[in-house]
Amino acid sequence: MPTAGSPQRRAILTGGLLASAALITGCSSKAADTTSADAKASAAASPSPSASLTAEARPDSPRAAFARLTEGNRRWVDGTLQHPDRDPKRREFVAAEQDPYGVILSCIDSRVPPELLFDTGLGDLFVLRTGGQVVGPEVTGSVEYGPMTSGTPLVVVLGHQRCGAIKAAYEAMRAGKSLPGNLQAIADALKPAYRETVKGEHADPVDAMIRVHTEQTSAALRSNKDLAPMVKKGDLAVVSAYYSLDTGRVEVLSGTPSA
Ligand SMILES: [Zn+2]
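Structure report, in brief.

Definitions and cut-offs
Residues numbered from 1 in each chain as written. Predicted model: local features only at pLDDT ≥ 70, side-chain atom pairs only at ≥ 80, totals over all residues. Heavy atoms only, no water. Helix = DSSP H or I, 4+ residues; strand = E, 2+ residues; numbered from the N terminus. Expected span 1.5 Å × (residues − 1). Buried < 20%, exposed > 50% of the residue type's maximum accessible area, 1.4 Å probe, protein only. Contact = heavy atoms within 4.5 Å. Pairing = 2+ DSSP bridges. Axes fitted to C-alpha atoms, helices over the stretch in contact; angles between N-to-C directions.

With that settled, consider helix 9 (residues 164-175). In this model, helix 9 (12 residues) spans 16 Å end to end at C-alpha, consistent with the 16 Å of a helix rising 1.5 Å per residue. Where helix 9 is concerned, the buried positions are Ile166, Ala169, Tyr170, Ala172 and Met173. Those residues of helix 9 hidden inside the fold are in contact with helix 10 (183-189), helix 11 (191-197) and helix 12 (205-222). Count one or two residues on from helix 9 and you reach glycine 176, which has phi positive near 70°.

Rendered as structure tokens:
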């Protein structure tokens with residue numbers, strides 16, 4: 001961060017959608033023309049991905065938010081990560097208030113960190129992670145927080161390949177056994193997915209249950225009495241998705257936003 005201490009750079013970075021040259025003019029004691037030229041030189045001398053993305057508009061529709069995540073996941077798959085919004089300037093920018101554009105509900109699995117696989121940064125996402133991305137009242141309330149308090153336009157429920165929590169629950173239920181300690185609470189939350197899965201024939205029943213559970217969870221959120229009105233108005237989308245550990249790709253199962 002060679003320019004971290006520069007007031008001009010700070011103005012560019014934290015100005016967001018404001019015209020950076022005008023902002024810098026206002027911060028400077030120099031004549032406007034000179035300052036504007038300095039600002040352009042400063043911006044040209046330090047073009048970093050973080051700088052350009054920090055100044056990018058926050059997606060304000062479900063479709064725009066989903067497109068931002070999809071672009072980030074493509075970079076993760078391709079190995080062309082930009083690591084946006086991950087520097088001290090971004091920290092300063094969001095210190096006073098946050099305005100994330102997405103909520104991600106995913107598993108605790110160490111190989112499924114949403115900020116990495118969607119190539120996002122500080123202040124971009126509300127992230128909730130539980131074993132098998134199961135929900136209870138506290139988790140549901142936490143998913144609702146962004147949409148209900150600040151209009152967060154997108155919720156993604158993200159299941160993943162080879163989910164150990166769902167595999168353990170599937171095997172326990174099939175054997176008629178319980179999981180130890182509080183792990184049983186996770187298995188209990190997965191019972192509806194298990195019951196649905198065993199109705200059919202599946203080459204890989206655990207993978208089928210992962211997908212069923214992810215879709216059931218997103219459907220429940222989509223029709224929840226607090227979120228459903230926002231979904232109906234087109235202000236919120238609840239997407240169900242599946243992450244491949246092998247490829248890094250996020251596959252949509254249902255709920256691709258149309259607006
Ligand atoms: Zn998992």
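More follows now that the structure is in view.
For the rest of this paragraph, the subject is the pairing of strand 1 (residues 102-107). In terms of residue burial, strand 1 counts as a mostly covered element, since six of its six residues are buried. Summarising the sheet, strand 1 and strand 3 (residues 154-160) pair through four bridges and their orientation is parallel. Residue isoleucine 104 lies in a different strand from strand 3, and its bridge partner there is valine 156.

With mixed pairing, five strands are arranged side by side in an open sheet as 2-1-3-4-5. The open sheet is flanked by strand 2 (125-130) and strand 5 (250-254), the only strands paired with a single partner. Within the sheet, the average angular offset between the axes of one strand and its neighbour, ignoring direction, is 25°. Relative to strand 4 (residues 237-243), strand 3 is paired through seven bridges, and the arrangement is parallel. When the sheet's bridge partners are listed, valine 155 is paired in strand 4 with valine 238. Docked against the sheet, helix 8 (residues 137-150) engages strand 1, strand 2 and strand 3, running at close to 170° with respect to strand 2. Together, strand 1, strand 3, strand 4 and strand 5 form the strand contacts of helix 12, whose direction differs from that of strand 4 by roughly 170°.

Here the focus is unusual backbone geometry. The bulk of non-glycine residues show a negative phi, and the bulk of peptide bonds are trans. One non-glycine residue, aspartate 85, lies in positive phi territory at about 55°. Within the secondary structure layout, aspartate 85 lies in the loop between helix 5 (62-78) and helix 6 (88-95).

A separate point is the pairing of strand 3. Summarising burial for strand 3: seven of the seven residues are buried, a large majority. Residues Leu154, Val156, Leu158 and His160 line one face of strand 3 and the alternating positions Val155, Val157 and Gly159 line the opposite face, and both faces are buried.

Limitation: the analysis is restricted to geometry and does not speak to function.
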